[in-house]
Amino acid sequence: MEFKQRVFSGVQPTGNLHLGNYLGAIKRFVELQDSYDCIYCVVDMHAITVWQDPAELKKQIREVTAAFIAAGIDPTRHIVFNQSQVSAHAELAWVFNCVARLGWLNRMTQFKDKAGKDRENASVGLYAYPNLMAADILIYRATHVPVGEDQKQHLELTRDIAQKFNNDFGPSIAAHGLGESFFPLTEPLIGGPAARVMSLRDGAKKMSKSDPSDLSRINLTDDADAVASKIRKAKTDPEPLPSEADGLKGRPEAENLVGIYAALAGSEKAAVLAEFGGGQFSTFKAALVDLAVAKLGPIGGEMKRLMDDPAHIDAILRDGAARARVIADETLGQVKDIVGFVR
């Protein structure tokens, strides 16, 4: 069966969107708009797998939406909405809870990382959320998902669930005239080498909103002065920049800054080193400041403008949810028929 080419992806509204979120996800979302029908979701139901302050959560849902729009996602050509407005996500997740196997979820490394030592005290939602993630993707029968390295395991689970559903219910799928397979085996769109953005204070750690030092990350809402200051203070080593990419091995901070420059400029690390190799970090950092301020300044300014008009953001989410619901409800109705529910 030929599935309509469609991209789905989501971002959790857990505050403080930073350069890593932009380069690793949002910038790619913008680029994919020209090649695919895109559905971009603020996954607020995933956010509550750990406790959230309700007033903060509302603000953060709007902030992620503002970042999408400010970065260049067009909510009229594509669909932008928040997950909790489309109840089919949760309904399909329950069906998938009954398709996925415990052994599959036990292999998920992210649960182990997030639950930490006190696993017995983690929420059931944190354990089962990969099934909801599969439902997010498959309720739209999305054929492609842009993923970073750390999400590949979840996409493999999504494919396993789709395959098992198609196998378990094969005769029923055929009997309802829905072809040989109901769900596609969603393909990953893996980001380029710059998708991993590391901390400005420690090149071995990913840039993270939970890092206690604000100097470790560039927030999307930082103004030009803050961006400039953080790049100037970013950790480096005493050696000059190498002229070849191989010379970055064993130099995580240098590699990170060169990778950030390449990603913002839309070029390769080799091209950046051809220009700046052999020079001092101070010269390179000055150029990186100019580039980062030019690229991120307008996004931060537009985010602030949008955040000052929450009614406008809510209207975008409402419209997106209404359009998402049309697709999701059709899929869910067919799933209910396939499984044997009376409706």
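Please read all numbers here as calculations on a predicted model, not as lab measurements. (Residues numbered from 1 in each chain as written. Predicted model: local features only at pLDDT ≥ 70, side-chain atom pairs only at ≥ 80, totals over all residues. Heavy atoms only, no water.)

**Things to note about the pairing of strand 3 (residues 79–82)**
Across the two faces of strand 3 the burial is the same, with Ile 79 and Phe 81 and Val 80 and Asn 82 all buried. Pairing between strand 2 (residues 37–42) and strand 3: four bridges, direction parallel. Its bridge partner being in strand 3, Ile 39 is matched across the sheet by Ile 79. (Buried < 20%, exposed > 50% of the residue type's maximum accessible area, 1.4 Å probe, protein only. Helix = DSSP H or I, 4+ residues; strand = E, 2+ residues; numbered from the N terminus. Pairing = 2+ DSSP bridges.)

**Details of the packing of aromatic side chains**
Going through the model one piece at a time under the given rule, you end up with 14 aromatic pairs. Seen in terms of ring centroids, Phe 29 and Phe 68 are 6.0 Å apart; in terms of plane orientation they differ by 65 degrees. Their pairing is edge-to-face. With Phe 29 in helix 1 (residues 19–32) and Phe 68 in helix 3 (residues 54–71), the pair connects residues that are 39 residues apart, well separated along the chain. Here Phe 68 falls in the buried class, since its relative accessible area comes to 0%. (Phe/Tyr/Trp six-rings, centres within 6.5 Å; stacked < 30°, edge-to-face > 60°.)

**Looking at the packing of helix 1 against helix 3**
Axes are the key here: two packed helices are described by the angle between their axes and the distance separating the axes. For the pair helix 1 and helix 3, the least separation of the axes is 9 Å and the interaxial angle reads 55 degrees. Taken together, the axis directions place helix 1 and helix 3 in an arrangement best described as oblique. As helix 1 runs across helix 3, the sense of the crossing is right-handed. Contact residues: helix 1 offers Tyr 22, Ile 26, Phe 29 and Val 30, while helix 3 offers Ala 67, Phe 68 and Ala 71. Its residues assigned to classes, the contact of helix 1 with helix 3 comprises seven nonpolar, no polar and no charged. (Axes fitted to C-alpha atoms, helices over the stretch in contact; angles between N-to-C directions. Parallel < 35°, antiparallel > 145°, perpendicular 65-115°, else oblique. Left-handed = near helix turned anticlockwise from the far one by under 90°. Contact = heavy atoms within 4.5 Å. Nonpolar A, V, L, I, M, F, W, Y, C, P; charged D, E, K, R; others polar.)

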